[in-house]
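Chain by chain, the residues:
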Amino acid sequence: RKEVEQDPGPFNVPEGATVAFNCTYSNSASQSFFWYRQDCRKEPKLLMSVYSSGNEDGRFTAQLNRASQYISLLIRDSKLSDSATYLCVVNPNLNAGNNRKLIWGLGTSLAVNP
Amino acid sequence: DGGITQSPKYLFRKEGQNVTLSCEQNLNHDAMYWYRQDPGQGLRLIYYSQIVNDFQKGDIAEGYSVSREKKESFPLTVTSAQKNPTAFYLCASSLTGGGGELFFGEGSRLTVL
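The structure reproduced in this document is the subject of the present report. (Residues numbered from 1 in each chain as written. Chains lettered and ligands numbered in written order. Predicted model: local features only at pLDDT ≥ 70, side-chain atom pairs only at ≥ 80, totals over all residues. Heavy atoms only, no water.)

**What to know about the overall build of chain A**
The secondary structure content of chain A amounts to zero helices and 11 strands. From first element to last, N terminus to C terminus, chain A shows the α and β order β-β-β-β-β-β-β-β-β-β-β. Computed over C-alpha atoms, the radius of gyration of chain A comes to 14 Å, within 12% of the 13 Å expected from 2.2 N^0.38 for 114 residues, which places it in the range of a compact globule. A principal-axis box enclosing the C-alpha atoms of chain A has dimensions of 45 × 30 × 25 Å. For chain A, the proportion of its 114 residues judged to be buried stands at 46%. Put simply, of all contacts in chain A between residues at least 6 apart along the chain, 59% involve residues at least 24 apart. In chain A, 12 positive and 10 negative side-chain charges are present, and the distance between their average locations comes to 6 Å. (Helix = DSSP H or I, 4+ residues; strand = E, 2+ residues; numbered from the N terminus. Rg over C-alpha atoms; globule rule 2.2 N^0.38 Å. Buried < 20%, exposed > 50% of the residue type's maximum accessible area, 1.4 Å probe, protein only. Contact = heavy atoms within 4.5 Å. Lys, Arg positive; Asp, Glu negative; His and termini not counted. Charge placed at Lys NZ, Arg CZ, Asp CG, Glu CD.)

**Points about the pairing of strand β3 (residues 19-25) of chain B**
All names here are of chain B. Here β3 shows one buried face, formed by V19, L21, C23 and Q25, and one open face, formed by T20, S22 and E24. Judged from the four bridges that link them, strand β1 (residues 4-7) and β3 form a sheet pairing that is antiparallel. Bridged to S7 within β3 is S22. Summarising the sheet, β3 and strand β8 (residues 76-78) pair through three bridges and their orientation is antiparallel. Residue pairing for β8: V19 is matched across the bridge by V78. (Pairing = 2+ DSSP bridges.)

**Focus: the sheet that holds strand β8 (residues 70-75) of chain A**
Residues and elements named next belong to chain A. Taken together, the five strands give an open sheet; going across it, the order is β1-β3-β8-β7-β6, and neighbouring strands pair in antiparallel fashion. Sheet topology places β1 (4-6) and β6 (55-57) at the edges, where each strand pairs with a single neighbour. The sheet shows a mean angle of 15° between the axes of neighbouring strands, taken without regard to direction. Note that strand β3 (residues 19-25) and β8 share six bridges and pair antiparallel. Note that in β8 the partner of N22 across the bridge is S72. (Axes fitted to C-alpha atoms, helices over the stretch in contact; angles between N-to-C directions.)

**Looking at unusual backbone geometry**
Residues G9 of chain A and P10 of chain A are joined by a peptide bond in cis, for which omega reads 10°. Assignment of secondary structure puts P10 of chain A in the loop between β1 and β2 (11-14). Within the chain, R41 of chain A stands out as a residue other than glycine whose phi angle is a positive 60°. Locating R41 of chain A in the fold gives a position in the loop between β4 (32-38) and β5 (44-50). One non-glycine residue, N28 of chain B, lies in the positive phi region at around 60°. In this structure, N28 of chain B sits in the loop between β3 and β4 (31-37). N28 of chain B sits in the exposed class, given a relative accessible area of 53%.

**Regarding the sheet that holds β8 of chain B**
Residue and element names in this part refer to chain B. Ordered by their spatial adjacency, four strands build an open sheet running β1-β3-β8-β7, and the pairing between neighbours is antiparallel. Here the strands that pair on one side only, and so sit at the sheet edges, are β1 and β7 (64-66). Ignoring strand direction, the axes of neighbouring strands in this sheet form an average angle of 20°.

Here's what the structure looks like:
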């Protein structure tokens, strides 16, 4: 099993739709989790951190399910500008403050259509 | 505006030549990283540095070298020993070595002919 797995997609959704992605991780001791967004041929940018209690930022909601070892990202009212690849990032290190241990998923591609 | 600047954006080189990719940040971040991104693979860490004059190998350091003589600068040299150098190279920084929030430069696309 891969350390971090994502459905590569692509997810094609109409504007205004709600879409959700999951990301599974293999190390049950993983401490911290993040969603990054990467536009085509550009650099990744942090979208949001994923807290145990869940995290909401406008149209975006991230959740963590430790029992089933996955994190999710929900996008409501999709916009054309949401089209991008969404990267799941997991820090498996017991010392959560160690960025060099980050494991990056391959990403899920989202295309929002007019 | 604070940020990370990578140069060049595009670079073509012949096999057997060393190339150096520049990375400069004015965010006053302590930690800096070099990643490589290839199609079908997640980001892979080449080298990282938590403080000036100190750096550590990442997962795929073979064929690469770095220096960290100044806090702002973390250049990466792709040597002729790197077997598959054609890739998208991303430099990143973070305030400290932890926290998970990395700021990336726009990347450098290296093509070896």
